[in-house]
Amino acid sequence: MSNREKAMELLDAVPDYKMGYVIAYLQGAVIGEDEPNKETIAAMKELEDGGGECFNTLDELWKSLEE
């Protein structure tokens, strides 16, 4: 049995009240990417090179965003 066939078999066993979770996950799997986008790669490189800003707490991050 292929993975697709297994998935279809399991899908038939999912109760209706959980179907929204399954659909959301599948939509993310279809449109999601395994690799970070160019903007994320550039931001990570900036941090590795000593640039960018680091925050010790979430409160510090929120304060910087409000400025």
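Our structure is the block above this text.
Because the structure is predicted, anything quoted here is derived from the model rather than measured. (Residues numbered from 1 in each chain as written. Predicted model: local features only at pLDDT ≥ 70, side-chain atom pairs only at ≥ 80, totals over all residues. Heavy atoms only, no water.)

A. Quick look at the overall build of the protein chain. A count of helices and strands for the protein chain gives 4 helices and 0 strands. Reading the protein chain from its N terminus to its C terminus gives the helix and strand order α-α-α-α. Taking 67 residues into account, the globule formula puts the C-alpha radius of gyration at 11 Å, and the protein chain, at 20 Å, lies well above it. Projected onto its principal axes, the C-alpha coordinates of the protein chain cover approximately 50 × 25 × 15 Å. Within the protein chain, buried positions represent 0% of all 67 residues. On the protein chain, roughly 6700 Å² of surface is accessible, and the fraction owed to carbon and sulfur atoms is 56%. Both charge centroids of the protein chain, one from 6 positive and one from 16 negative side chains, sit 6 Å from each other. (Helix = DSSP H or I, 4+ residues; strand = E, 2+ residues; numbered from the N terminus. Rg over C-alpha atoms; globule rule 2.2 N^0.38 Å. Buried < 20%, exposed > 50% of the residue type's maximum accessible area, 1.4 Å probe, protein only. Areas by Shrake-Rupley, 256 points an atom, 1.4 Å probe, with all protein chains shown as cover. Lys, Arg positive; Asp, Glu negative; His and termini not counted. Charge placed at Lys NZ, Arg CZ, Asp CG, Glu CD.)

B. Inspection of the pattern of salt bridges at higher detail. One pass over the full model with this rule turns up 1 salt bridge. Close ionic contact of Lys45 with Asp49 constitutes a salt bridge, the shortest N to O distance being 3.0 Å. Residue Asp49 is classed as exposed on the basis of its relative accessible area, which comes to 56%. (Salt bridge = Lys/Arg side-chain N within 4 Å of Asp/Glu carboxyl O.)

C. Local environment of the environment of Tyr25. Looking at the secondary structure, you find Tyr25 in helix 2 (residues 19-31). Separated by 20 residues in the primary sequence, Tyr25 and Glu5 place their C-alpha atoms 18 Å from one another.

D. Region of the structure containing a nonpolar patch on the surface. Taken together, Leu58, Trp62 and Leu65 make up a surface patch of nonpolar side chains, about 350 Å² in accessible area. Tracing the backbone through its elements, the reader meets Leu65 in helix 4 (residues 58-66). Overall, the relative accessible area of 55% leaves Leu65 in the exposed class. (Patch = residues over 30% accessible without salt bridge, like charges linked within 9 Å, V, L, I, M, F, W, Y side chains within 5 Å.)

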